[in-house]
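Close look at the chain arrangement
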Amino acid sequence: MNNAFFATSRDYQAAFSSGLREMLSGYDELGVFILVLANAMIDPLIWDELSGPLRQKFERLSALHVDSRQGGFLDDAKDDRRVFSRLMEIGFDAITPIRLRREGPWELQLNPLRALRPPRMTERRVSGLSAPFNPDEFHFAKPFLRKEIFWRGALEGRDVSLLYNKFPFVRLLGLLVPEARAGRPQFLQQADHEYIWRVAAALRPGLPGVGVGYNSYGACASVNHLHFHLFVRDEALPIAAAHWSHNGGQEDYPATCARFDDLQEAWRYIRELHGRKVPYNLIAYPGTLYCLPRASQGSRELPEWSGGYGWYEMAGGCVPLGEAHYRQLDERQLSDELRAVRSTI
């Protein structure tokens, strides 16, 4: 990897923070404020740097937002106005970095801002494993999203855009969109599978803890535009723990999980899922891929504490909807939900 942007974790963190700082100072927009706030809440280092400027921007936008409701200044998207109104009700002093706790092998996260995100596709009941790309729906090549791109260039032979995630749930989370203007739907081709395998391996020397997440269509992908979640974590996700049978241990994972250390074997398995039209989530680490076939979103009623199970939840994380659920959820409930979501192929 000869790209300086990905050379070291420190370089990547600095670029990530710098982009957020520039967006916050450069735009009086509710959507930008929400994005910067959500990313700062995930990372204590970014929070320490930006909480002061965020407070100042919050006070300015609050005044403008009140005027806009009276026919004044702000013309932001309806979803952003709704989220910001909720933030005004909460008050800035009540906004703090996320909290994490362990419940058995599982990771629980109190992240109230993510609970406010627009559901987009995740609440739809879908059938099948693909749908045509619709340029009239939300997608990552929309002109207004250009300011949210914090890096674009050639990465392992493909032109990619790396965008901030507006409602992140892990540190340094970026949306990796290959050839964004090509308008491809969220359906994995063999070349994409091989590409993500190469990317994870190439980034590993500079970014220890790097991984890639993927939600297929019907597996809580929020946008039907080909994209992946690039993340960097100090601690491996629960799915990577040694005690699970897919990693050579003695305990069965509650969800159906296949681990692959061979690129072609992994693709044969994914191709079989495509043939059966079974949705799935992927977590790719350098040299290792976890594939989790699962029930289609919308095929069952979610518990009151869940906003849906994407790759992070299938990998053992959980972002409960509210502090009471965050405090009260136990290991059995989390294990049972993974069993309920799993596919029995």
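Here we summarise the structure given alongside this text. Quick caveat, the model's predicted, so the values are computed rather than measured.

Before going further, it helps to spend a moment on the packing of aromatic side chains. Taken as a whole and judged by the stated rule, the model has 29 aromatic pairs. Both rings, one in F58 and one in F92, keep their centres 5.6 Å apart while their planes meet at 45°; by these two values the pair is tilted. Here F58, found in helix α3 (residues 44–68), pairs with F92, found in the loop between α4 (78–90) and β1 (99–103); they are 34 residues apart in sequence, far enough to count as distant. We classify F58 as buried; its relative accessible area is 8%. Here F92 falls in the buried class, since its relative accessible area comes to 7%. With centroids separated by 5.9 Å and ring planes inclined at 85°, the aromatic side chains of F138 and F140 adopt a geometry described as edge-to-face. Take F140: its relative accessible area is 8%, and that puts it in the buried class. A network of ring pairs unites the aromatic residues F5, F6, Y12, F16, F150, W151 and Y164 as a single cluster. Taking NZ or CZ as reference, K147 lies 5.6 Å from the ring centre of Y27, over its face.

The subject of this paragraph is the packing of helix α1 (residues 9–26) against helix α2 (residues 30–42). Two quantities define a packed helix pair, namely the angle between the axes and the distance from one axis to the other. Contact geometry of α1 with α2 gives a least axis separation of 9 Å together with a crossing angle of 150°. In the packing of α1 onto α2, the handedness of the crossing is left-handed. Within the contact between the two elements, α1 uses F16, L20, M23 and L24 and α2 uses V32, F33, L35, V36 and N39. Among the residues making up the contact of α1 with α2, the classes are represented as eight nonpolar, one polar and no charged.

Attention shifts here to the nonpolar core. F6, Y12, F33, L37, L54 and L87 are the most contacted members of the largest nonpolar core, which has 70 residues in total. It is α2 that contributes the most residues to this core, eleven residues altogether. Not counting residues up to four positions away in its chain, the partners in contact with L37 are W47, L54, L87, F92, I95 and L113. Counting residues in hydrophobic clusters, the runner-up holds 30 residues, among them L110, F231, L329 and V341.

Within strand β10 (residues 288–293), six of the six residues are buried, which leaves the element mostly enclosed by the surrounding structure. Burial along β10 is two-sided: T288, Y290 and L292 and L289, C291 and P293, pointing in opposite directions, are all buried. Where strand β8 (residues 258–260) meets β10, three bridges bridge the pair, whose relative direction is antiparallel. In the strand pairing of β10, A258 is matched with C291. Relative to β10, strand β9 (residues 280–285) runs antiparallel, the two sharing six bridges. Counted as the bridge partner of N281 is L292 from β10.

What counts, and at which threshold
- Residues numbered from 1 in each chain as written.
- Predicted model: local features only at pLDDT ≥ 70, side-chain atom pairs only at ≥ 80, totals over all residues.
- Heavy atoms only, no water.
- Phe/Tyr/Trp six-rings, centres within 6.5 Å; stacked < 30°, edge-to-face > 60°.
- Helix = DSSP H or I, 4+ residues; strand = E, 2+ residues; numbered from the N terminus.
- Buried < 20%, exposed > 50% of the residue type's maximum accessible area, 1.4 Å probe, protein only.
- Lys NZ or Arg CZ within 6 Å of the ring centre and 35° of its normal.
- Axes fitted to C-alpha atoms, helices over the stretch in contact; angles between N-to-C directions.
- Left-handed = near helix turned anticlockwise from the far one by under 90°.
- Contact = heavy atoms within 4.5 Å.
- Nonpolar A, V, L, I, M, F, W, Y, C, P; charged D, E, K, R; others polar.
- Core = buried A, V, L, I, M, F, W, Y, C linked by side-chain atoms within 4.5 Å.
- Pairing = 2+ DSSP bridges.

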